[in-house]
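Architecture at a glance
Residue-level listing of the chains:
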Amino acid sequence: MLLKGAQLLRCGLAPAHRNLNLRLTCRFLSVQYGDAQILTPAVKQYVEKCVDLCQPERVHICDGTEGESKLLQGIMLKKGTIIPLPKYQNCWLARTNPADVARVEGKTFISTDSKEQTVPVTEKATPGMLGNWMAEGDLQVAIKERFPGCMKGRTMYVIPFSMGPVGSPLSKIGIEITDSPYVVESMKIMTRAGNPVLKYLQSGDGQFVKCLHSVGTPKSGVQAMPSWPCDPERTIVLHKPAENEIVSYGSGYGGNSLLGKKCLALRIGSTIAKREGWLAEHMLILGITNPQGKKIYIAAAFPSACGKTNLAMMTPTLPGYKVECVGDDIAWMKFDKKGVLRAINPENGFFGVAPGTSRATNPIAMDTIFQNSVFTNVASTSDGGVYWEGMEKDQLKGVTVTDWLGKLWSQESGKPAAHPNSRFCTPASQCPIIDPAWEDSEGVPISAILFGGRRPSGVPLVYEARDWKHGVFIGAAMRSEATAAAEFKGKVIMHDPFAMRPFFGYNFGDYLGHWLSMEQRGQVPKIFHVNWFRKSSEGKFLWPGFGENSRVLDWIFRRVEGEQCFEDSPIGRLPSKESLNLESLKENIDLDQLFELPKDFWQQEVDAIERYFEEQVGHHLPGAVAEELRKLKARVADM
Ligand code: OXD
Ligand code: MN
């Protein structure tokens, strides 16, 4: 263990406390691990401020090494936070407190001077669904009520991390302060973390996003599950875009605690992107090569748990096609000097939903995730492996299963063995089809953008936007069945514009304006809407999905190439007759049902979108988007 720079941290004085606005006592603290010498003065000042506020026992500056991982794994094993999975190489299972299993959208806030900077303020007195605003004063109170002394007796870890390849002009640096070794190990998978980032900070502009996280301590002082400390009753996730600052308390789970992901790469990221003229989106990125050897890149926005990872790692059934994965969740896209929209995946790993992943649905993921991975809330098997709903049942032969709650499980129990939002956290570099350009600091050129969701009725397999404005409208009008990734229950169809509803960092009306402005900045890609989830009147899926989605990508590819394989419809451009390649498809596809546009459905859809815009966006809705709605309404009336 390194023991450099002991007692290097000194108390930060008034300016360091400006943002948190708290009077705190001065403390000296020893750095027990890592090299405090390479912290820049600004990082040191931030760490000092957090030390004063949270009063940890010791400080550990993460270097990102394997030795450090071994040390932290040892600590977590001792505490029971993780158990080893000896069936695989260097894999671990964490079981969380059952009250800490998903993102907490209702407890996630953005703080700006005025409410309108964060969310549309409309005349309708409906609860806003496009984010939560908090006034600065309330944010200070929320911090004061939770953070002082919250790390007493614990180690404070300082994680320097880069979203995007270290040093890429498209990347951003963050410093996450946390009291959770699980968060450290997960951040080391999901981001580029450790000394190379600190070294880069010294040589670059020194800018970083401040990310403070504590699992917290309940008011009673008693942890219901000491192996997974948290404070579910007081969990809160706060963002201050003006200060590039994130503060998260009470949850150790996923997007609530791995602050590089949703908090930095999307919420703060979208505000930086707006300021700097680019896009931070909830999108996978894939490269697809056609039988002629031509390759394009596609970005696709689907709400959480709607198959982004499956599409990003698809094995095409259509002969001659190859798909390669750049990223499965987030895309940062910026026009280059030539006006080409280029994207990077700011992440370094996959934090994928485990249930439903199998050799049949995503063999590439199955070849990726069984080394150097942390599983959370999946079930375990007595031979040292994992299990979840949807995985091949032969995993269960001759073994007993322990469910995500740590109880012996049987198929007859009728209860899921794995939590529906259980996850694998795995290095992207292990993906056998990772794209050769996935770490290219310039990013990959994007030729098409897909929007989609789970739509059991009315919405066809694929359609194309007439132009950029129409495409922006399609993104704004996106709806999808709720999933387990957040706290919502039941199969309601929720509006989820751009799949960003939980992740907007600023007013959605301004976001739409920003998207519209892209047309003036460079060559905009074509936009499409896809729906793999349409069901027949008997409730059966009309489309086989998974690898067969390559047939849809083939049509999109040909449209990007300019082939006239479409016909107009009231909602956009549909594949013209026989242009969707169904060659050698084993199942019979009812194309009529798959592409049918029922007038009554679309009338209801238009009404729902109109109501949503009126109630949720109000006067913030850009005229161009309102105009697209008006045109759709007129076309649907004429159907
Ligand atoms: C995720 C999510 O974890 O969208 O990616 O919830
Ligand atoms: Mn996501």
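Going by an unreviewed UniProt entry, the protein chain carries the name Phosphoenolpyruvate carboxykinase [GTP] and comes from Drosophila erecta. Of the protein chain, the UniProt comment under Function (unreviewed entry) reads exactly: "Catalyzes the conversion of oxaloacetate (OAA) to phosphoenolpyruvate (PEP), the rate-limiting step in the metabolic pathway that produces glucose from lactate and other precursors derived from the citric acid cycle." The UniProt entry for the protein chain carries the following comment under Subunit (unreviewed entry): "Monomer."

1. Some points on the environment of Gly 194
Turning to its location among the elements, Gly 194 is positioned in the loop between strand E8 (192-193) and helix H6 (195-203). Assessed through its relative accessible area of 1%, Gly 194 is described here as buried. Residues Gly 194 and Ser 162, spaced 32 residues apart in sequence, show a C-alpha to C-alpha distance of 8.9 Å. Setting aside its immediate chain neighbours within four residues, Gly 194 contacts Cys 62, Asp 63, Gly 64 and Pro 160.

2. Description of the confidence of the model for the protein chain
Of all residues in the protein chain, 94% have pLDDT values of 70 or greater, and the mean over the chain is 93. With pLDDT under 50 throughout, residues 1-28 is counted as low confidence; its partners more than four residues away or in other chains account for 70 contacts.

3. What to know about the nonpolar core
Core analysis: the largest hydrophobic core is formed by 166 residues, its most contacted members being Phe 375, Trp 388, Trp 515 and Ile 556. Once residues within four sequence positions are removed from consideration, Ile 556 is found in contact with Ile 298, Ala 448, Leu 450, Val 462, Phe 528 and Val 530. Counting 35 residues, the second-largest nonpolar core is a separate cluster that includes Leu 39, Met 156, Ile 177 and Ile 236.

4. Quick word on the coordination of the manganese ion (ligand 2)
Coordination of the manganese ion (ligand 2) by the protein is provided by Lys 262 (NZ), His 282 (NE2) and Asp 329 (OD), with metal-donor distances spanning 2.2 Å. Summarised as a motif, the one-chain spacing of the donors to the manganese ion (ligand 2) is K-x19-H-x46-D. A residue pair is termed long-range when its members are at least 10 positions apart, and His 282 in the loop between strand E12 (279-281) and strand E13 (284-289) and Asp 329 in the loop between strand E15 (322-327) and strand E16 (331-335) qualify at 47 residues. The buried category is assigned to His 282, whose relative accessible area is 0%.

The rules behind the values
- Residues numbered from 1 in each chain as written.
- Chains lettered and ligands numbered in written order.
- Predicted model: local features only at pLDDT ≥ 70, side-chain atom pairs only at ≥ 80, totals over all residues.
- Heavy atoms only, no water.
- UniProt positions renumbered as here; feature names shortened; annotations may be inferred.
- Helix = DSSP H or I, 4+ residues; strand = E, 2+ residues; numbered from the N terminus.
- Buried < 20%, exposed > 50% of the residue type's maximum accessible area, 1.4 Å probe, protein only.
- Contact = heavy atoms within 4.5 Å.
- pLDDT = per-residue confidence, 0-100.
- Core = buried A, V, L, I, M, F, W, Y, C linked by side-chain atoms within 4.5 Å.
- Donors = N, O, S within 2.8 Å, 3.2 Å for Na, K, Ca; no water.

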